[in-house]
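Understanding the architecture of this molecule
Listed below, chain by chain, are the residues.
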Amino acid sequence: MAEARRLRHALMDSPAGPLRIVASERGISGIYWENHAHPPGPEVLGERLPSLDTDALVSQCATELAEYFAGTRKEFEVPLDAQGTEFQHRVWEQLSRIPCGESRSYGQLALALGDVKLTRAVGTANGRNPISIIVPCHRVIGSDRSLTGYAGGLEAKLFLLRLEGIEPAAEATLF
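Let me begin by describing the structure that accompanies this report.

The rules we used
Residues numbered from 1 in each chain as written. Predicted model: local features only at pLDDT ≥ 70, side-chain atom pairs only at ≥ 80, totals over all residues. Heavy atoms only, no water. Phe/Tyr/Trp six-rings, centres within 6.5 Å; stacked < 30°, edge-to-face > 60°. Helix = DSSP H or I, 4+ residues; strand = E, 2+ residues; numbered from the N terminus. Buried < 20%, exposed > 50% of the residue type's maximum accessible area, 1.4 Å probe, protein only. Salt bridge = Lys/Arg side-chain N within 4 Å of Asp/Glu carboxyl O.

Our focus in this paragraph is the packing of aromatic side chains. In this structure the tally under the stated criterion is 4 aromatic pairs. Consider the rings of W33 and Y150, whose centres lie 6.0 Å apart with planes at 70°: the pair is edge-to-face. Residue W33 is located in strand 3 (residues 28-33), and its partner Y150 is located in the loop between helix 5 (119-127) and helix 6 (154-163); the two are separated by 117 residues in the primary sequence. Per residue, the accessibility class of W33 equals that of Y150, and both read buried. Taken together, the ring pairs in this structure connect Y68, F69, F76 and F159 into an aromatic cluster.

In the structure shown here, the tally under the stated rule is 9 salt bridges. R6 is the salt-bridge partner of E47, the closest N and O atoms lying 3.2 Å from each other. Here E47 is found in strand 4 (residues 47-48), whereas its partner R6 is found in the segment before strand 1 (8-12), with 41 residues between them in sequence. A relative accessible area of 43% means that E47 is categorised as partly exposed. By relative accessible area, R6 is classed as partly exposed at 47%. For R73, the salt bridge identified is with E67, shortest N-O distance 2.7 Å. Since its relative accessible area comes to 27%, E67 is described here as partly exposed. Each of the salt bridges in this network shares a partner with another, and the network as a whole consists of E67, R73 and E77.

Bear in mind that shape data such as this cannot, by itself, settle questions of function.
The following block contains the structure:
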């Protein structure tokens with residue numbers, strides 16, 4: 001029987017809204033928006049920490065996220081520990097290869113996985129990504145450059161894309 005993971009979490013304020021950082025003993029296992037489309041249950045969150053700086057991994061993640069929002073970080077170094085299926089991990093690996101300031105379509109990700117017929121499955125796996133921002137599912141937009149769904153909401157997605165210098169199609173403007 002596998003040993004249970006000891007999870008803990010803390011809240012972080014960000015320019016795009018509050019984020020909940022979840023860590024295991026091996027790495028960051030989740031970054032969730034306040035209004036996350038697939039919110040984590042109590043078993044995913046674990047112990048609530050009194051502050052971001054009471055845990056080394058959570059503190060490192062918060063620091064790196066703050067640097068990202070300040071425009072001084074484009075790549076993250078904090079270790080990750082996402083839980084998902086083998087296929088989800090393959091999709092999340094492809095997401096992690098999209099450089100800051102670039103975007104991809106679901107079809108492009110499906111092709112990178114070897115089969116354009118996987119487009120819908122890629123979209124589903126993308127939507128279940130538990131580590132927002134660091135595993136950059138926000139960089140996936142429609143093939144026509146339209147703004148597509150995002151677990152943190154389209155306003156957060158548009159904020160992140162614009163922060164990175166990516167402008168989706170004109171009709172994607174929400175503000």
